[in-house]
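# Descriptive structure summary
Letter by letter, the chains look like this.
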Amino acid sequence: TQQENQEILTKSPADAGFFVSADEAKRAAIDEFGDGIKDLVATGVLNFTANKSTWPEELQRAARSDDEAVYHNGKAWIDLSATSNDRIVPVVLHEIGEHAGLREMLGDVSYHKLMNRVRLMNTANNQEVRAAWSEVAQAYDHLSPGSDAFMSEVIAKLGESENIRSKPWWQQVVSRIK
């Protein structure tokens, strides 16, 4: 809600590296991704919160204390007390870019090609893919490695990396977005 998005963080403004308000985080996301962020916030698809206490109860129960964000039932919830300033762009990209629409933007055929490419890169011991694979395996031990749900998380994790986003294969993916 708007009130939740206006909450002041429990961290002191002097606590360097964290946003002071949800509006400040929203402005940073708008600066990076454009005015479409305003619509996502206004419609409740993207929620910047001071902490997890304003998340839906089921998410509060399931969340780990170090979770920066979750995507559930078509909505992204970002805990600003767990997300440093330098992580806001990658986290929004992860939650909104991958979970809220990459498959739809690419189409099923291209998205499955992307998943298969990332699986092959993991098998070929690509260090960045292996690192993302490992992080996802640890964070989401309920997902079967290599499954579509697992791969969605790996792709989202890869999309957080500036280095990956600069790679020709990732740029090729971006160029195929409908």
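Coordinates for the structure precede this section.
Since the structure is predicted, the reported quantities are computational estimates derived from the model, not experimental observations.

With respect to topology, three strands assemble into an open sheet ordered E1-E3-E2, the strand pairing being mixed. Single-partner strands in this sheet number two, and they are strand E1 (46-49) and strand E2 (69-72). Strand-to-strand twist of the sheet, defined as the mean angle between neighbouring strand axes without regard to direction, takes the value 15°. As paired elements, E2 and strand E3 (residues 75-79) share four bridges and run antiparallel to each other. Residue pairing across strands places Ala-69 opposite Ile-78, the latter belonging to E3.

Moving on, we come to the pairing of E1. Alternating residues of E1 divide into Leu-46 and Phe-48 and Asn-47 and Thr-49, and every residue in both groups is buried. Across four bridges, the pairing between E1 and E3 is parallel. Paired with Leu-46 across the bridge in E3 is Ala-76.

Rules behind the numbers
- Residues numbered from 1 in each chain as written.
- Predicted model: local features only at pLDDT ≥ 70, side-chain atom pairs only at ≥ 80, totals over all residues.
- Heavy atoms only, no water.
- Pairing = 2+ DSSP bridges.
- Helix = DSSP H or I, 4+ residues; strand = E, 2+ residues; numbered from the N terminus.
- Axes fitted to C-alpha atoms, helices over the stretch in contact; angles between N-to-C directions.
- Buried < 20%, exposed > 50% of the residue type's maximum accessible area, 1.4 Å probe, protein only.

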